[in-house]
Amino acid sequence: RSGLVAAKAGVVVAIGLAQVVALIAVAALALGWRAESDTSVLAVVVVAVVGAAMFAGIGLAIAGTLPPETALVVANVLFLVGIGLSGTIVPLDDLPTELVTAAQLSPVGALADAFSAALGFGGNLLVSLGIVAAWAAGSAFLAARSFRWG
């Protein structure tokens with residue numbers, strides 16, 4: 001099982017990296033985006049790899065513990081809640097104070113913070129990346145223990 005989970009996560013990481021490269025290329029070529037001096041390409045790559053591994057683990061953990069129909073609903077609900085709490089659509093300053101910490105500790109919120117720091121927009125890269133890595137490790141562990149093929 002752990003080999004299957006690792007292989008699936010590896011494919012997801014490779015696809016995630018390709019998507020980040022494509023997004024940066026489109027932003028630069030079509031939209032005129034230029035990296036600021038505070039931007040760290042290495043940090044962007046590391047954040048993309050760890051973030052993709054995190055989401056692969058979460059997806060496989062959900063798929064390994066729930067029936068397919070339920071897994072789809074849970075994944076979609078978590079995605080929508082994550083987007084809402086990440087600060088990408090609703091700024092964290094506009095959220096009730098009780099939700100800010102939860103948002104910053106959520107997978108999507110921590111990943112958004114890590115990308116923001118890697119791109120030079122501020123934030124603590126090590127703390128955010130640590131949260132993302134913790135989610136990646138925890139979800140990979142759960143996925144390796146619970147995922148079943150077929």
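Heads up: the structure comes first, above all this text.
Scoring rules and cut-offs
Residues numbered from 1 in each chain as written. Predicted model: local features only at pLDDT ≥ 70, side-chain atom pairs only at ≥ 80, totals over all residues. Heavy atoms only, no water. 1 Å grid on protein atoms, 1.4 Å probe; cavity = no way out; pocket = protein on both sides within 12 Å on 5 of 7 lines; lining within 4 Å. Points joined across faces, edges and corners; volume = space filled by probe spheres on them. Helix = DSSP H or I, 4+ residues; strand = E, 2+ residues; numbered from the N terminus. Nonpolar A, V, L, I, M, F, W, Y, C, P; charged D, E, K, R; others polar. Axes fitted to C-alpha atoms, helices over the stretch in contact; angles between N-to-C directions. Parallel < 35°, antiparallel > 145°, perpendicular 65-115°, else oblique. Contact = heavy atoms within 4.5 Å. Buried < 20%, exposed > 50% of the residue type's maximum accessible area, 1.4 Å probe, protein only.

Asker: Which residues make up the layout of surface pockets, and what values go with them?
Answerer: Here the largest pocket is characterised by a volume of approximately 530 Å³. In terms of lining residues, the largest pocket is bounded by 22 residues, among which Phe55, Leu78, Phe79, Pro107 and Val108 are the most central. Elements that contribute at least two residues to the lining of the largest pocket include exactly helix H2 (41-65), helix H3 (68-85), helix H5 (107-118) and helix H6 (125-146). When residues of the lining of the largest pocket are assigned to their parent elements, the largest contribution, 7 residues, is made by H3. In the lining of the largest pocket, the residues fall into 17 nonpolar, 5 polar and no charged. By volume, the second largest pocket amounts to about 340 Å³. Lining the second largest pocket are 16 residues; nearest its centre among them are Gly16, Val20, Leu23, Ala48 and Phe115. Mapped onto the lining of the second largest pocket, the elements with two or more residues apiece are helix H1 (2-29), H2 and H5. Residue composition of the lining of the second largest pocket, by class: 13 nonpolar, 3 polar and no charged.

Asker: Could you give an account of the packing of helix H4 (residues 97-105) against H5, naming the residues involved and the relevant values?
Answerer: Packing of H4 against H5 brings their axes to within 4 Å, and their N-to-C directions diverge by 75°. By the criterion of interaxial angle, the relationship of H4 to H5 is roughly perpendicular. Residues Ala103, Gln104 and Leu105 of H4 pack against Pro107, Gly109, Ala110 and Asp113 of H5. Considered class by class, the residues forming the contact of H4 with H5 number 4 nonpolar, 2 polar and 1 charged.

Asker: Outline the side chain of Ser128, supporting the account with residue identities and numerical values.
Answerer: Of note, Ser128 is situated in helix H6. The exposure class assigned to Ser128 is buried, which follows from its relative accessible area of 7%.

Asker: Account for the packing of H2 against H5, with residues named and values stated.
Answerer: Describing two packed helices takes the angle between their axes plus the distance from one axis to the other. In the contact formed by H2 and H5, the axes pass within 9 Å of each other and the chain directions differ by 170°. Taken together, the axes of H2 and H5 lie roughly antiparallel to each other. Along the contact surface, H2 presents Ala43, Val44, Val47, Ala48, Gly51, Met54, Phe55 and Ile58, while H5 presents Pro107, Val108, Leu111, Ala114, Phe115 and Ala118.

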